[in-house]
Structures are given as C-alpha cells and as structure tokens.
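Structural description and commentary
Chain by chain, the residues:
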Amino acid sequence: MKFKEGIKEKNIIVKCGADSFLPFALVFGLCVILLGTVSPGGGFQGGVIVASACLLLYLGYGYDTVTKSINMHVLEVNESIGAVLYVILAFCGILFGARFCQNVFYADGKIGDLISAGTITFMSFSVGYKVLTGVGFLLMLLMSLLSTDEEEQMEE
C-alpha cells in the first residue's frame, strides 16, 4: 500500500494484539454482564469491558475500519433502548403493587442460579446494554476527534 509521507501502516504486533484480545474482551464482558447478580461484577462493569472492543479495533486497525464496522447512529438508538428497558423493569414493581425498582419477578429457584435474582437480573442486563452502547458511542466520538486532529497534523 502506498501512504502519504509521515503516515505509517499499523504495526503487525499491534494488529495481532488487538485480534487476540478482541474476542476475549467480548466474551469476558458478556460473562460479567450475565453473571453479575451471582458473582462480582454486573451490568456496568461488563458493559465497559465489551465497549473496549471499539478501542481495540481503533488501536489495531485505525478509525476507518472502526467506522465501517460500528455505526454510531445504531449505538445512539440502542442506548435509548437500554434506558427504556430499565425504566420498564423498574415500573414493574409499581404494576405489581410494590415500590419503584422493587424485585417482583423473584423465583423460588436455588440461590446462585442465573435467574434466581428475579427483576434484578434483567435490570443488570439492561444496564449492561445501555453502558456498552453508551460508552461505545463516547469512544467513537473520541476516536473521531482524534482522527481529525491526526489528519490536520499530517496535512501541515
């Protein structure tokens, strides 16, 4: 590939590192979201870990690849969906004659089962979804600002 003067191709070691850690970040983050009610972690922590995949793509392949892979508008809309899901689950307490955000979908399952926490589990899922889309959107905004600064510096 031919590049402008001063523009370097991404290092193969950085690409291999991004390729190696990307699946790990996705799987580990989703596990933290799913098992957040029965183990340390939860929706917020897992969402940030999954959103770090955007950053790994940027470090390994650059801004153009990230914008082709991840649509910012889709992230923005899905962040709103995560927030609406949380509010709907919170209102379930009122609908069942309890308080706002009260656990009403609890089951008689054994302690430690994935869905044994009832409403809290689903609220953790919605928080994880909102955080992963919100932080992903913020990372995309940050990367767009960084890529514009890099392009302006290369033109000078």
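Residues numbered from 1 in each chain as written. Predicted model: local features only at pLDDT ≥ 70, side-chain atom pairs only at ≥ 80, totals over all residues. Heavy atoms only, no water.

1. Description of the side chain of threonine 119
- Structurally, threonine 119 can be placed in helix 5 (residues 119-155).
- On the accessibility criterion, threonine 119 (1% relative accessible area) is buried.
- Excluding residues within four positions of it along the chain, threonine 119 makes contact with Leu89, Gln102, Asn103, Val104 and Phe105. (Helix = DSSP H or I, 4+ residues; strand = E, 2+ residues; numbered from the N terminus. Buried < 20%, exposed > 50% of the residue type's maximum accessible area, 1.4 Å probe, protein only. Contact = heavy atoms within 4.5 Å.)

2. As for helix 2 (residues 43-61)
- The terminal C-alpha atoms of helix 2 lie 28 Å apart, and with 19 residues this matches the ideal 27 Å at 1.5 Å per residue to within 8%.
- Of the residues making up helix 2, those classed as buried are Gly43, Gly46, Gly47, Val50, Ala51, Ala53, Cys54, Leu56, Leu57, Tyr58 and Gly60.
- Backbone geometry just downstream of helix 2 places glycine 62 in the positive-phi region, at approximately 95°. (Expected span 1.5 Å × (residues − 1).)

3. So, the nonpolar core
- Counting 12 residues, the largest nonpolar core is built from Ala51, Cys54, Leu57, Tyr58, Tyr63, Val66, Ile70, Leu75, Phe137, Leu139, Met140 and Met143.
- Broken down by secondary-structure element, the contributors of at least two residues to this core are helix 2, helix 3 (63-69) and helix 5. (Core = buried A, V, L, I, M, F, W, Y, C linked by side-chain atoms within 4.5 Å.)

4. Thoughts on the pattern of salt bridges
- For the structure on display, the rule yields 1 salt bridge.
- Between lysine 130 and glutamate 79 there is a salt bridge whose closest N-O contact spans 2.9 Å. In this pair, lysine 130 sits in helix 5 while glutamate 79 sits in helix 4 (residues 72-95), placing the two residues 51 residues apart along the sequence.
- Assessed through its relative accessible area of 30%, lysine 130 is described here as partly exposed. (Salt bridge = Lys/Arg side-chain N within 4 Å of Asp/Glu carboxyl O.)

5. So, helix 1 (residues 12-34)
- Between the first and last C-alpha of helix 1 there are 34 Å, a value that for 23 residues agrees with the 33 Å anticipated at 1.5 Å per step.
- Largest kink in helix 1: about 25°, centred on phenylalanine 21, with the proline proline 23 one to four residues after it.
- Burial in helix 1 covers these residues: Ala18, Ala25, Gly29, Val32 and Ile33.
- Capping the start of helix 1, asparagine 11 holds a side-chain oxygen 3.1 Å from the backbone nitrogen of isoleucine 13, two or three residues further along. (Bend = angle between axes of the 7 residues up to and from the residue. Polar contact = N/O pair within 3.5 Å; in protein donor to acceptor, adjacent residues only side chain to side chain.)

6. Thoughts on the side chain of serine 126
- Summarising the element assignment, serine 126 is placed in helix 5.
- Setting aside residues up to four positions removed in sequence, serine 126 forms contacts with Gly82, Leu85, Tyr86 and Leu89.

7. Quick look at the packing of helix 1 against helix 2
- Across the interface, helix 1 lies against helix 2 with an axial gap of 8 Å and an inter-helix angle of 165°. Of the possible angle classes, the one that applies to helix 1 and helix 2 is roughly antiparallel. Between helix 1 and helix 2 lies a crossing whose hand is left-handed.
- Of the residues in the contact of helix 1 with helix 2, the class split is 17 nonpolar, 7 polar and 2 charged. (Axes fitted to C-alpha atoms, helices over the stretch in contact; angles between N-to-C directions. Parallel < 35°, antiparallel > 145°, perpendicular 65-115°, else oblique. Left-handed = near helix turned anticlockwise from the far one by under 90°. Nonpolar A, V, L, I, M, F, W, Y, C, P; charged D, E, K, R; others polar.)

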